[in-house]
Amino acid sequence: MVRRAQEILSAGASADAAFVELAADGGYDLRAIAIAVSMAAGTSLVDAEKRWAEDGEAALEEVEGDPEELGWLLAIAGFFDFHRPLDEREQQVRTLLNQALRAHGGWRSGHFGTITRHLEAGQLHDALESMAGSSPRTFAPRSRPAPSTYWTRLVEAAELLAADGDDGRLAEIAALCRRHLDELPPADPGAGG
């Protein structure tokens, strides 16, 4: 089943679409299908089973066994995400992006969830690009936005990622973040951050 899931993913299907296709084939329970798709995406059997124990059973009950809803729910929860190991430089990038995440001052829950999934999975370019498209809050009642820190950390992250080579997109993101940084008013509470 893992091989069949790999074939479906290699053909360009999303993980939740692969899950639904395998469920339609019949013959396997939804747990086994979810684990097979997760493994086909690169996750080890041990980690896939752990994820199922943590999230899968509850999700299965929530959707009352509907394969399409379950596949969608598992996908948005990051169940199928492969968490690739990061080298030392990539860990520095993730640290910078986490610092920027905290300096933002508040995120919509869906956007925050997407960014944290990217960070957990090691999809650093995707996290950076998503964050660069969102300006920090100017006022947040329960947090302390620090726009200077936010934009500075994003510039630093883009520069570190560009060390692998850049197709131009990282340079664009760094330039955009520098522009935002230059446009900040002098009274920025994050100045010096």
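Residues numbered from 1 in each chain as written. Predicted model: local features only at pLDDT ≥ 70, side-chain atom pairs only at ≥ 80, totals over all residues. Heavy atoms only, no water.

Visitor: With reference to specific residues and values, describe the environment of Ser130.
Guide: Tracing the sequence through the fold places Ser130 in helix α8 (residues 124-132). Note: C-alpha distance between Ser130 and Ile115 (15 residues apart in sequence) is 7.0 Å. Residue contacts for Ser130: discarding those within four places in its chain leaves His111 and Ile115. A distance of 2.7 Å separates polar atoms of two side chains, one belonging to Ser130 and the other to His111. (Helix = DSSP H or I, 4+ residues; strand = E, 2+ residues; numbered from the N terminus. Contact = heavy atoms within 4.5 Å. Polar contact = N/O pair within 3.5 Å; in protein donor to acceptor, adjacent residues only side chain to side chain.)

Visitor: Requested: an account of the nonpolar core, with residues and values cited.
Guide: In this structure, Leu97, Leu128, Met131, Tyr150 and Leu154 are the most contacted members of the largest nonpolar core, which totals 27 residues. Of all the secondary-structure elements, those providing two or more residues to this core are α6 (88-103), α7 (109-121), α8, α9 (147-161) and α10 (169-182). When residues no more than four places from it in sequence are discounted, the contact partners of Leu128 are Leu97, Leu154, Ala157, Ala158, Leu161, Leu170 and Ile173. With 23 residues, the next largest nonpolar core counts Ala5, Ile8, Ala48 and Leu70 among its residues. (Core = buried A, V, L, I, M, F, W, Y, C linked by side-chain atoms within 4.5 Å. Buried < 20%, exposed > 50% of the residue type's maximum accessible area, 1.4 Å probe, protein only.)

Visitor: Describe the confidence of the model for the chain, and please don't skip the residues or the numbers.
Guide: Looking at the chain, the pLDDT average stands at 87 and 93% of residues meet or exceed 70. Per-element confidence in the chain ranges from a low mean pLDDT of 84 for α7 to a high of 95 for helix α3 (residues 30-40). (pLDDT = per-residue confidence, 0-100.)

Visitor: Hey, could you go over the environment of Ser10 for me, with residue numbers and the actual values?
Guide: Relative to the helices and strands, Ser10 is located in helix α1 (residues 2-10). Sequence spacing of Ser10 and Ala41 is 31 residues, and the spatial spacing of their C-alpha atoms is 9.6 Å.

Visitor: How would you explain the packing of aromatic side chains if you had to name every residue and give the values?
Guide: The full count for this structure, using the stated rule, is four aromatic pairs. For the pair Phe19 and Phe80, a centre-to-centre distance of 6.2 Å together with 45° between the ring planes defines the contact as tilted. Of the two residues, Phe19 sits in helix α2 (residues 15-25) while Phe80 sits in the loop between α5 (67-76) and α6, which places them 61 residues apart along the sequence. Here Phe80 falls in the buried class, since its relative accessible area comes to 4%. Look at Tyr150 and Trp151: their rings are 4.9 Å apart centre to centre, the planes differ by 75°, and that puts the pair in the edge-to-face class. Taken together, the ring pairs in this structure connect Phe19, Trp52, Phe79 and Phe80 into an aromatic cluster. (Phe/Tyr/Trp six-rings, centres within 6.5 Å; stacked < 30°, edge-to-face > 60°.)

Visitor: Tell me about the pattern of salt bridges, residues and numbers included.
Guide: Using the criterion set out here, one finds nine salt bridges in the structure. Of the charged contacts in the structure, one is a salt bridge between Asp81 and Arg117, with a shortest N-O distance of 2.8 Å. Linking Asp81 in the loop between α5 and α6 with Arg117 in helix α7, this pair joins segments that are 36 residues apart in sequence. Across the pair Glu90 and Arg84 runs a salt bridge whose closest N-O atoms are separated by 2.9 Å. Among the residues examined, Arg84 registers a relative accessible area of 31% and is labelled partly exposed. A cluster of three or more residues bridged by salt bridges with shared partners is formed by Arg4, Glu7 and Glu21. (Salt bridge = Lys/Arg side-chain N within 4 Å of Asp/Glu carboxyl O.)

Visitor: Requested: an account of a negative patch on the surface, with residues and values cited.
Guide: A cluster of acidic residues, Glu62, Glu64, Glu68 and Glu69, forms a negative patch at the surface. The exposure class assigned to Glu62 is exposed, which follows from its relative accessible area of 61%. (Patch = residues over 30% accessible without salt bridge, like charges linked within 9 Å, V, L, I, M, F, W, Y side chains within 5 Å. Areas by Shrake-Rupley, 256 points an atom, 1.4 Å probe, with all protein chains shown as cover. Lys, Arg positive; Asp, Glu negative; His and termini not counted. Charge placed at Lys NZ, Arg CZ, Asp CG, Glu CD.)

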